[in-house]
Amino acid sequence: MSLVDKIKSFDYGPVFMSLGFFLVFILVWHGLTQQPDFDSTGLSENELMTMEFNGDIIQDDAGNYIYNPDKPIGIPGPAKVFDKTKSELKEIFHKKGTNDHGIGHLVWYTVKRFAIGFLAASIFAVVLGVIIGLNKKLFLALNPFIQTLKPISPLAWMPLLLYSVQDPTWTAILVVFMASLWPTVANTAFGVSTMRKDYLRVASLLEMGYFRRLFKVVLPAAAPAIVAGLRISFGSALVAVVPAEMLLGELGIGYLSWIEWNNLDISGVIFAIIVVGVVGVVLDYAFSRVAKLVTYPEM
Amino acid sequence: MSFLKVDHVSKTFPVLDGPDKGQTFTVFKEVNFEIQQGEFLTMIGHSGCGKSTLLNIMAGFDEPSNGGVILDGNLITKPGLDRMVVFQSFALMPWLSTFENVRVAVKSAHPDWSPDRIKDWTQKYIDMMSLGGAESKKPAFLSGGMRQRVGLARAFAVEPKILLLDEPFAQIDALTRGAIQEELVRMWNATKSTVFMVTHDVDEAILLSDRIALMTNGPDAELAEIVEVNIPRPRSREELIDSKEYVELRSHILHFLVRGAKRQDSPPSEMHFSKKDMEVKGDNSSSEEKRQPA
């Protein structure tokens, strides 16, 4: 199929619908957050002066009172969030002092923290899963522990981890680690223990050694189950990294949301939420591209 | 000294459940036969007679309860490259392409060969099994017939002392089956291999075999007799239908099977076990019997 044919046969309906929904959402958001002009009728001179003193209203060039644009009231509208986004993206890689880092840096800190915790946990979990998946007695013996540890929220570990390692940077990574561990362990063990015995029979006919059997037969046979486990871990780790940053005050996109709240900059909070979503989508896409390499059509 | 000797092999399983728990269940007993080098021997019998279990013992997947199997002077204790199995379920690695499925076997058999030599050897067997053009396809995208061609190519490429075929054509449609059976015979001729096959299909057994071993019904199955197939090769399906030997042999085997596969020279053995025991063992004869030729 040529590119032209692909473009011609592509169904644009959903794309236009998506754009339509987005437009409706922006319009509704704008409508609901629209502020009326300041109306001074019925207010005494004294009340107006108090309001001006508090910074709620200011006098414009013509001498009329209007709301102070620098003191936001209510939820900010899309235009304000757009302005905030623009100003943040303008300073994407700036660094002012220890805490005021550009959004580019913050995303990088979070991605790095996430990647270290997730990769370390995944390697550990796959190795552990293969070991207990190959040993039925060990599987049965360890299964109650895994089932108990699995539902514990990774954030529940945080105080203990912080107390143990005495370092918020490593605690945040370990929270991601704990979040990514159990689904991969459970799925890998399941995939290894339930793989078709035919594959092992072929491996034994071919007199494969332990490691050749492991890498040529066991891991590929369990790959679909392992990837399914990694995918659950991935989502869980992504969910855990944001509150971990908030609670630990570690620079990152979760931290951004919290610091903007402390600044009472609601536009900044909404901007941080959008960044979390975008980073999640990009990481998830990257994950599925990698997952595609190791999965195969079942027979 | 024969090439392969199945020496008084019996297989019993403990009954794990039901009223006879703790007792043993004999699938077959005292099976005794030999296969000459270059011979094609087929074992035929109803489901539950243990012919696949016997094949697994010969492959080294399973251990005999009594007796043993000796291949070229060596007692079989575990699976190895001197025996290759062609599975009913194909047992191809779905994550590997056709070419890779064969190559992994060649590489295992010849770890000292150069990559180029392994590649050429693999390609030779791919071409011999008419798999050219399908090298890069994964098994999921191949038809049942093509999958078993890969299974055969993989087995032949290792050049084992004996090929063990476990109902290799049972999952292949009847039209394709004929073509692959012919290729099997061609490969067997070209490579001078020794073959032991297990099947339900009488026509298939006669078409392919030098000798056919008939098993009585299980439990307590025994080898009833071994019949010679004195039909000159090459045999074609078309000529076979009208051949006198074929008709006689076919009716002899079918009578044996329909009669209930009883031994002629001894009274029917007493049934020690209820039907329930057979169900416990996972006997699925009712479903498989439908595949019996009428």
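Residues numbered from 1 in each chain as written. Chains lettered and ligands numbered in written order. Predicted model: local features only at pLDDT ≥ 70, side-chain atom pairs only at ≥ 80, totals over all residues. Heavy atoms only, no water.

### Considering the overall build of chain A
Item 1. The helix and strand inventory of chain A stands at twelve helices and four strands.
Item 2. Relative to the 2.2 N^0.38 estimate, which gives 19 Å for 299 residues, the radius of gyration of chain A is 27 Å and therefore markedly larger than a compact globule would have.
Item 3. Every one of the 299 residues in chain A was classed for burial, and the buried ones make up 37%.
Item 4. A total accessible area of about 17900 Å² is found for chain A, and carbon and sulfur atoms account for 69% of it.
Item 5. Put simply, chain A has 23 plus and 24 minus side-chain charges, and the middle of one group is 25 Å from the middle of the other. (Helix = DSSP H or I, 4+ residues; strand = E, 2+ residues; numbered from the N terminus. Rg over C-alpha atoms; globule rule 2.2 N^0.38 Å. Buried < 20%, exposed > 50% of the residue type's maximum accessible area, 1.4 Å probe, protein only. Areas by Shrake-Rupley, 256 points an atom, 1.4 Å probe, with all protein chains shown as cover. Lys, Arg positive; Asp, Glu negative; His and termini not counted. Charge placed at Lys NZ, Arg CZ, Asp CG, Glu CD.)

### Focus on the interface of chain A and chain B
Item 1. Facing the 19 residues of chain A at the interface are 27 residues of chain B.
Item 2. Where chain A abuts chain B, roughly 2100 Å² becomes buried across the two surfaces, and 71% of that area is made up of carbon and sulfur atoms.
Item 3. At the junction of chain A with chain B, the criterion picks out zero salt bridges.
Item 4. The interface formed by chain A and chain B holds six residue pairs in polar contact (both at pLDDT 80 or more) in total.
Item 5. A total of six residues in the side of chain A that touches chain B trace back to one element, the largest contributor, which is helix α9 (residues 197-205) of chain A. (Contact = heavy atoms within 4.5 Å. Buried area = accessible area lost by both parts, 1.4 Å probe. Salt bridge = Lys/Arg side-chain N within 4 Å of Asp/Glu carboxyl O. Polar contact = N/O pair within 3.5 Å; in protein donor to acceptor, adjacent residues only side chain to side chain.)

### Points about helix α6 (residues 136-149) of chain A
Residue and element names in this part refer to chain A.
Item 1. In a regular helix each residue adds 1.5 Å, so 14 residues correspond to 20 Å; α6 covers 20 Å between its end C-alpha atoms and thus fits that length.
Item 2. Maximum bend of α6: about 40 degrees, positioned at L142, with proline P144 one to four residues after it.
Item 3. Its side-chain oxygen placed 3.2 Å from the backbone nitrogen of K137, N135 serves as the N-cap of α6. (Expected span 1.5 Å × (residues − 1). Bend = angle between axes of the 7 residues up to and from the residue.)

### Let's talk about the sheet that holds strand β1 (residues 4-14) of chain B
Residues and elements named next belong to chain B.
Item 1. Taken in spatial order, the four strands line up as β2-β1-β4-β5 in an open sheet, and their pairing is antiparallel. Of all strands in the sheet, those with a lone pairing partner are β2 (24-35) and β5 (74-75), marking the two edges.
Item 2. Bridge analysis of β1 against β2 gives eight bridges, and the strand direction is antiparallel. If you follow F13 over to β2, its bridge partner there is F25.
Item 3. Sheet strands touched by helix α1 (residues 51-59): β1, β2 and β4 (66-71). Its angle to β1, the strand with the most contacts, is close to 120 degrees. (Pairing = 2+ DSSP bridges. Axes fitted to C-alpha atoms, helices over the stretch in contact; angles between N-to-C directions.)

### Looking at the domain arrangement of chain A
Item 1. Partitioning chain A into domains gives domain 1 (36-71) and domain 2 (95-294).
Item 2. Measuring from the centre of the C-alpha atoms in domain 1 of chain A to the corresponding centre in domain 2 of chain A gives 53 Å. (Domains from an automatic or database assignment.)

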